[in-house]
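Breakdown of the fold
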Amino acid sequence: MYKVMIVEDDPTVRRGLCGTIRWEELRCQLAGEAGNGEEGLELALKISPDIVITDVKMPKMDGVEMIRQLRRHGCQAKMIILTAYGDFGYAQSAIRLGVSDYLLKPLKDGAIEEAVLAITRKGQPAADPVLFDFDPEKHFKGKYVEEALDFIRSRYREDINIGMVASYLDLSEGYLSRILKRETGYSFTEYLTNYRISRAMEYLKDCRLKVYEAAELAGYQDTAYFSSQFKKVVGMSPSEYQNRCR
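Sequence order sets the numbering: in each chain, residues are counted from 1 along the sequence as written. In keeping with the predicted nature of the model, local features appear solely for residues at pLDDT of at least 70, side-chain atom pairs appear and are counted solely at 80 or more, and the whole-chain, interface and lining totals rest on all residues. To get the side-chain values, take all heavy atoms of the structure and skip hydrogens and water.

1. Quick notes on the layout of surface pockets
Let me state the cut-off plainly: In the cavity and pocket records, a cavity denotes points on a 1 Å grid over the protein atoms alone where a 1.4 Å probe fits but cannot get out, a pocket denotes an open set with protein on both sides within 12 Å along at least 5 of 7 lines, and lining residues are residues with an atom within 4 Å of a point. Grid points are joined across faces, edges and corners, and a volume is the space filled by probe spheres set on the points. Each helix is a run of DSSP H or I of at least 4 residues and each strand a run of E of at least 2, with the numbering of both proceeding from the N terminus. Under the convention adopted here, Pro, Cys and the residues Ala, Val, Leu, Ile, Met, Phe, Trp and Tyr are nonpolar, Asp, Glu, Lys and Arg are charged, and Gly plus all remaining residues are polar.
Space inside the second largest pocket adds up to approximately 250 Å³. Lining the second largest pocket are 14 residues; nearest its centre among them are L17, T20, L107, K108 and I112. At the level of secondary structure, the elements contributing two or more residues to the lining of the second largest pocket comprise α1 (11–20) and α5 (111–120). Among the elements that take part in the lining of the second largest pocket, α1 stands out by supplying 4 residues, more than any other. Of the residues contributing to the lining of the second largest pocket, the split by class is 7 nonpolar, 3 polar and 4 charged.

So this is what it looks like as structure tokens:
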């Protein structure tokens, strides 16, 4: 199932998109909704949708800027833009950002369904190899453990270590190491590696990205080292995984 997120500032339109479309028949599930671009950006980074349907003209942050920010964060979701404005400048910006479709309001009957089907009929999102059962979004009860993992999730592209996290939380390295291992089953280094690899797997699903680009987005500057770590964790090389995703 594809995860769909809707970003629309008009509550009536948003309710209509959420409630009248038979998402399951499109092999989709409605994963979240937001009322403006800022909320949409925050939500998308949290839930990692496969498809984002967004209005253009919205308060706080417009749809094009939201997409631009999401792309900077490595989000590879398919984008469908809705707007009542036939502004060619917006269309050009959308095209440059890899938007899948650009629909003008008022929407024709079936327009959303057709746009979504054009994405979903290409095939379900590729399943990750069963050898890799790490859940990057799993939450834990311990306050310090959750804060440590949030630090990793927000800064995994940087050269971070357990000392930095312990200092940030005002804890000793030894104590942080023990509670991380006890609650998650992973050492700090193991969790960081698995989290980076999980992100790399998402980036590699975009077949336009080269392996070295996915490596950099996941926090690896050395592509050879990234490839060896990827194969050790996933059971196949990054290029093999990407070919499988095709």
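Back to the write-up after that little detour.
2. Brief notes about the pattern of salt bridges
Rule in force here: Within this document, salt bridges are pairs made up of a side-chain nitrogen of Lys or Arg and a carboxyl oxygen of Asp or Glu, the two lying within 4 Å of each other. Exposure categories follow from relative accessible area, calculated using a 1.4 Å probe and restricted to protein chains: below 20% of the type maximum is buried, above 50% is exposed, and the middle band is partly exposed.
Under the criterion given, the structure shown has 13 salt bridges. Here R14 and E33 are joined by a salt bridge, their closest N and O atoms 3.1 Å apart. Linking R14 in helix α1 with E33 in strand β2 (residues 28–34), this pair joins segments that are 19 residues apart in sequence. The class of E33 is partly exposed, set by a relative accessible area of 42%. Notably, a salt bridge pairs E147 with K143, separated by 3.1 Å at the nearest N-O pair. Residue E147 and its partner K143 are both found in helix α6 (residues 143–155); the two are separated by 4 residues, about one turn of the helix. Residues participating in the shared-partner salt-bridge network are E8, D55 and K105.

3. Points about the side chain of R196
Counted only if it meets this: When charges are counted, Lys and Arg are positive and Asp and Glu negative, with His and the chain ends excluded. Polar contacts, as counted here, are pairs of nitrogen or oxygen atoms within 3.5 Å of one another; within protein the pair requires one atom able to donate a hydrogen and one able to accept it, and residues that are adjacent in sequence qualify only if both atoms are side-chain atoms. Between two residues, a contact is recorded if the distance between any of their heavy atoms is within 4.5 Å.
Relative to the elements of secondary structure, R196 occurs in helix α9 (residues 188–204). Despite being buried, R196 has no salt bridge partner; D159 is the closest side chain of opposite charge, sitting 5.5 Å away. Within polar-contact distance, the side chain of R196 engages the backbone oxygen of E158 at 2.7 Å. Dropping the residues within four chain positions of it, R196 is found in contact with Y156, E158, I160, A218, G219 and Y220.

4. A few points about the UniProt feature "domain: HTH araC/xylS-type" (unreviewed entry) in the protein
Applied cut-off: UniProt positions are given in the numbering used here, feature names are shortened, and annotations may be inferred rather than shown by experiment.
UniProt's entry tags residues 146–244 with the feature "domain: HTH araC/xylS-type" (unreviewed entry), counted in the numbering of this structure. Taken end to end, residues 146–244 has its terminal C-alpha atoms 33 Å apart, with 74% of it in helix and 0% in strand.

5. Let's talk about the packing of aromatic side chains
Stated formally: Stacked, tilted and edge-to-face are the three classes assigned to paired rings of Phe, Tyr and Trp, where Trp is represented by its six-membered ring and a pair needs centres within 6.5 Å; plane angles under 30 degrees give stacked, over 60 edge-to-face, the rest tilted. Note on geometry: a ring has a charge over it if NZ (lysine) or CZ (arginine) is within 6 Å of the ring centre and within 35 degrees of the ring normal.
Evaluated as defined, the whole model comprises 10 aromatic pairs. A ring pair is formed by F134 and Y191, whose centres lie 5.1 Å apart and whose planes are at 70 degrees; its orientation type is edge-to-face. Here Y191 lies in helix α9 and F134 lies in the loop between α5 and α6, a separation of 57 residues in the sequence. The burial state of F134 is the same as that of Y191; both residues are buried. Members of the aromatic cluster, joined through ring pairs, are F134, Y156, Y186, Y191 and Y195. Between R196 and the ring centre of Y220, over which it is positioned, the NZ or CZ distance is 5.6 Å.

6. Details of the environment of E147
A residue is classified by how much of its surface remains accessible, and E147, at 29% relative accessible area, is partly exposed. Spatially, the C-alpha atoms of E147 and Y168 are 9.5 Å apart, while their sequence positions differ by 21 residues.

7. Topic: the pairing of β2
Counted only if it meets this: Strand pairing follows a simple DSSP-based rule, namely that at least 2 bridges must link the two strands. Whether a crossover is right-handed comes down to one check: with the strands pointing away from the viewer, does the path from the first strand over the helix to the second run clockwise; if it does, it is right-handed.
Bridge count between strand β1 (residues 2–7) and β2: 6 bridges; the pairing is parallel. Bridging across to β2, I6 finds its partner in E33. For the segment spanning β1, α1 and β2, crossover handedness is right-handed.

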